[in-house]
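# Chain and residue survey
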Amino acid sequence: MKRALPIVIVLVAATVLLIFLGATFGRSSGTVGIASGSALPGFSEHASTPEQALSNFLQDVQRRNWDRAFASVERTSDAVNKLDFIQEWTGTNGGLRSFSSLEKYEARPLHATNSEAQMRVRMQWTTPVGPVEDVRDFQLAHRGDEWKVVWNQTPPPNVPAQIVPVNYLRWDLVSGTSSDQWGSHNVDSPHVRIVSMNAIDSAEGTVVMGEVVNEDTVPAFVNVNSTLVDASGNPIDDESSFDKILHILLPKQVSPYRIDFPKASLAKVKNVRMDVKATLVPASSDPVIGVMNQKLEQDAQGRSVLHGELLNQTGETVNIPHVIASFYDNNGKVIWVSDGYVQQALLPQSSQPFAVEVPKSVAGKVQNFHVVVNQYSLQKS
Amino acid sequence: MGLLAALLSLAGVSLAQDIEVRVPSGAVAGQAASISTTGSGSATFYLEGPSIALKRDVQLGQEIQLSARQIEGAGRYVATICASSCSSSVFFVAAGKPSSLTFLVHPSRAPVGQADTISGVAFPFDEFGNLIFTPETVQFQISSKDSNLASHSVQTQNGVAWFRSSSGKSAGAVQIAASLNDVQARRVVQQVASDPCRLQIKAQRTPKGVEVQTDPVRDCAGNPVPDGTIVTFTAKNGDEISTVDAPIKQDVARARIAAKGPIVISAASGVVMGNEIRVGGQ
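Residues numbered from 1 in each chain as written. Chains lettered and ligands numbered in written order. Predicted model: local features only at pLDDT ≥ 70, side-chain atom pairs only at ≥ 80, totals over all residues.

### Side note on the overall build of chain A
Assigned secondary structure in chain A consists of five helices and 20 strands. When each of the 381 residues of chain A is scored for burial, the buried share is 32%. Contacts in chain A between residues at least 24 apart in sequence constitute 64% of all its contacts with a sequence separation of at least 6. (Helix = DSSP H or I, 4+ residues; strand = E, 2+ residues; numbered from the N terminus. Buried ≥ 20, exposed ≤ 12 C-beta atoms within 10 Å, placed from the backbone. Contact = placed C-beta atoms within 7 Å.)

### Digging into the overall build of chain B
Of the regular secondary structure elements, chain B holds one helix and 24 strands. What you see for chain B is a C-alpha radius of gyration of 34 Å, clearly larger than the 19 Å of a compact globule of 282 residues, by over 25%. Across its three principal directions, the C-alpha atoms of chain B cover 110 × 40 × 30 Å. Relative to its full complement of 282 residues, chain B shows a buried share of 35%. (Rg over C-alpha atoms; globule rule 2.2 N^0.38 Å.)

### Some remarks on the environment of Val 318 of chain A
Residue and element names in this part refer to chain A. Locating Val 318 in the fold gives a position in the loop between strand S16 (304-312) and strand S17 (320-328). The exposure class assigned to Val 318 is buried, which follows from the 26 C-beta atoms found within 10 Å. Residues Val 318 and Leu 378, 60 residues apart in the sequence, show an inter-C-alpha distance of 8.1 Å. Setting aside its immediate chain neighbours within four residues, Val 318 contacts Pro 287, Ile 289, Asn 312, Ala 345, Leu 346, Gln 375 and Ser 377.

### Brief notes about the interface of chain B and chain A
Taken together, the contact pairs 30 residues of chain B with 28 residues of chain A. When residues of the side of chain B that touches chain A are assigned to their parent elements, the largest contribution, nine residues, is made by strand S21 (residues 240-249) of chain B. When its residues are assigned to classes, the side of chain B that touches chain A shows 12 nonpolar, nine polar and nine charged. The sheet contact formed by strand S15 (residues 289-298) of chain A and S21 of chain B spans three bridges and is antiparallel. The partner of Gly 290 of chain A across the bridge, within S21 of chain B, is Val 244 of chain B. (Nonpolar A, V, L, I, M, F, W, Y, C, P; charged D, E, K, R; others polar. Pairing = 2+ DSSP bridges.)

### Let's talk about the nonpolar core
One finds Val 222, Leu 310, Val 323 and Ala 325 of chain A together with Phe 233, Ala 255 and Ile 257 of chain B to be the most contacted residues of the largest nonpolar core, which totals 74 residues. Leave out the neighbours within four places in its chain, and Ala 325 of chain A touches Leu 306, Val 337, Ser 338, Val 356, Phe 369, His 370 and Val 371 of chain A. In this structure, Leu 66, Ala 74, Phe 91 and Ile 132 of chain B belong to the second largest nonpolar core, which totals 20 residues. (Core = buried A, V, L, I, M, F, W, Y, C linked by C-beta atoms within 7 Å.)

### Some words on the environment of Ile 230 of chain B
Residues and elements named next belong to chain B. Mapped onto the elements, Ile 230 comes out in strand S20 (residues 230-237). C-beta crowding within 10 Å serves as the criterion here: with 23 such atoms nearby, Ile 230 is assigned to the buried category. The sequence separation of Ile 230 and Ala 253 amounts to 23 residues, and the corresponding C-alpha distance is 8.0 Å.

### As for unusual backbone geometry
Residue Pro 287 of chain A is reached from Asp 286 of chain A by a cis peptide bond, and omega for that bond is 0 degrees. Along the chain, Pro 287 of chain A turns up in the loop between strand S14 (283-284) and S15. In this model, His 106 of chain B is joined to Pro 107 of chain B through a cis peptide bond whose omega is -5 degrees. On the secondary structure map, Pro 107 of chain B appears in the loop between strand S10 (100-106) and strand S11 (109-111). Backbone geometry at Lys 252 of chain A places phi at a positive 70 degrees, although glycine is not the residue there. Inspection of the secondary structure puts Lys 252 of chain A in the loop between strand S11 (248-249) and strand S12 (254-261).

### What about the confidence of the model for chain B?
Residues and elements named next belong to chain B. For chain B, per-residue confidence averages 89 on the pLDDT scale, and 93% of positions sit at 70 or higher. Within the model, the stretch residues 1-17 combines pLDDT values under 50 with 23 contacts to residues more than four positions away or in other chains. Here the predicted complex carries an ipTM of 0.72, next to a pTM of 0.75. (pLDDT = per-residue confidence, 0-100.)

### Quick look at the sheet that holds strand S3 (residues 27-28) of chain B
All names here are of chain B. Pairing within the open sheet is mixed, and its five strands lie in the order S3-S9-S8-S5-S6. Strand pairing shows two members of the sheet lacking a second neighbour, S3 and strand S6 (52-59), which therefore form its edges. Sheet analysis places strand S5 (residues 42-49) next to S6, joined by eight bridges and oriented antiparallel. Note on S6: the bridge partner recorded for Gly 49 is Ile 52.

### Looking at the domain arrangement of chain A
Residue and element names in this part refer to chain A. Domain parsing of chain A yields domain 1 (24-151), domain 2 (186-283) and domain 3 (289-376). Residue-level contacts link 11 residues of domain 1 with nine residues of domain 3. When the residues that make up the side of domain 1 that touches domain 3 are grouped by side-chain class, the tally is four nonpolar, six polar and one charged. (Domains from an automatic or database assignment.)

### Digging into the sheet that holds strand S14 (residues 148-155) of chain B
Residues and elements named next belong to chain B. Within the open sheet, the five strands sit side by side as S11-S17-S16-S13-S14. Their pairing is mixed. Edge positions in the sheet fall to S11 and S14, since each has one partner strand and no second. Averaged over neighbouring strand pairs, the angle between their axes works out to 25 degrees when direction is ignored. Relative to strand S17 (residues 183-192), S11 runs parallel, the two being bridged by three bridges. Residue pairing in the sheet places Pro 111 in a bridge with Val 192 of S17. (Axes fitted to C-alpha atoms, helices over the stretch in contact; angles between N-to-C directions.)

### Observations regarding helix H2 (residues 50-62) of chain A
All names here are of chain A. Between its first and last C-alpha atoms H2 spans 18 Å; for 13 residues at 1.5 Å apiece the expected length is 18 Å, and the two agree. Across the 13 residues that make up H2, a large majority, 12, are buried. Those residues of H2 that sit buried are Pro 50, Glu 51, Gln 52, Ala 53, Leu 54, Ser 55, Asn 56, Phe 57, Leu 58, Gln 59, Asp 60 and Val 61. Where H2 terminates, the next one or two residues include Arg 64, which has phi positive at roughly 60 degrees. (Expected span 1.5 Å × (residues − 1).)

### Examining the pairing of strand S12 (residues 118-125) of chain B
Here is the key point about a regular strand: its side chains alternate between the two faces of the sheet. Residue and element names in this part refer to chain B. Side chains Ile 118, Gly 120, Ala 122 and Pro 124 project from S12 onto a buried face, and the interleaved Ser 119, Val 121, Phe 123 and Phe 125 project onto a face without burial. Note: S10 against S12, seven bridges, orientation antiparallel. Bridge pairing links Phe 103 to Ala 122 in S12. With five bridges joining them, S12 and strand S15 (residues 161-165) adopt antiparallel strand pairing.

### Notes on the environment of Ser 377 of chain A
Residue and element names in this part refer to chain A. Within the element layout of this structure, Ser 377 appears in the segment after strand S20 (368-376). The spatial distance from the C-alpha of Ser 377 to the C-alpha of Ser 202 is 33 Å, given a sequence separation of 175 residues. Apart from the residues within four sequence positions on either side, Ser 377 is in contact with Glu 316, Thr 317, Val 318 and Asn 319.

So this is what it looks like as structure tokens:
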């Protein structure tokens, strides 16, 4: 015991010394590059470079240290308060961001002078629907002896108190009684049809995609299944459209679908068996979501993306909007289906931007596109 | 010899040494019948049928009574008598009088004005659930609440009668009845509006964008298209596109398109396209 005490004292003293040196001199003369890594909890390094300032800020966001994160930014407008700032990162109204956490990030400089810098950050979020990548550009400014993140996000638009008239329309299922005087009436499953199918070989494997339409006068819960069959007639693999389809189809509504076979090569496939299952479900025609200003463009990273805005035209909050887009060539054939979740909730009478990526191999052939919006509302689930 | 045995079997008579089994030639399900034998002394009687298998001690030369319950199932029966040797004979029991109709109608919802879209199949059964194979005439009748629309008389073949019919012109419920003697089964088919016939839209610019709506949407027979049917409004402004999938509510679909510049708006529902209108910029 007497021998161990001096060793413990030496270790503690060495640790304190290393922490002090790290906090004082660490990264003080770093070069502009990729910012990553993390400091010890409770210790932020001095923001003497743009990368360090951004790294400190994102670490505070990761740890949900909102007091320090908000205090460290330079606000361009007093309209942005702390609550807006926090909700920008934590989400609100049951949006996907509310259930997400920032797993990691990678920052790259875009532009830097002695007084200001611009950094692009790829943030990887873990969400209930899988990892979601968010790319965001940050402005930084040199103030005094340190760099600060410039917080120029506009506060979210306030939804004014209002009454939105809605002609309520929904379908309920009623089981009939056998003692009907006039005659018994069955209710068949909705009539749903696959109107197109296209199988392609992609980098990730075989992809089967197309469109399905509800030809009936009642809503349908739809799922599309596909089986790949080899030359000898044996099934290779079978998969379903899972979340890459608008499951509830109202009368005459068309939805894209996509079925991924990650490990299957199209060269081995002789036949594709398609099967659409439709069941009658209670459904509501609301909310109505408009897809505004859709445009296919290249983003700052050179990727082809279809972007636009979702506009909630009714009085119901959509917690997690899900965008599914089908892309057509000049013959009207579906050549790709993309999807993406919008991280913020879509409030009544308000809009949210969205973007879905189109693979480079397909982007040049796209002549037209069609976007549908799946909506998940907490009050319905 | 085989041919002779077969002929004897068909005639309901079988000879095996000294025992002769005479089976009923026109047995009907649910009606008592008897089997007569020749010879004397005790024997064992076996009966095997579609829904029965029994064993009984009998006296040769006396009638063997079969109760109504023992031959409820229509079909092929084998009667066997065993004394010093066995002798067997085959007879058939036919179904009784029609007692119920199993009536299947498809679909439960039929768009108006479609040829051969409604079909029905009827199967007559007796009171014991035996399918009646003898030809019977089934009367199919289609009627609305107000009037008779059509009727078909169809004779069953192999126990089945069926019809196929076009749907009417008016949306609403129709009753389809199948009748055989005093037995009747009724089903209801909902005739629904077909695809929209002319999709006309109009638009008006408002401070929030462009409010666009259809005229009342009807099919070619004038029936209002069901509420909830989706109308897709598409607005084009250069290479920017805005779309809204709006449901028809009270015969009209409405949407708001947030656009400030001049736009061209069109509408579609299923395979039907509507007119195209231009709206100037704000």
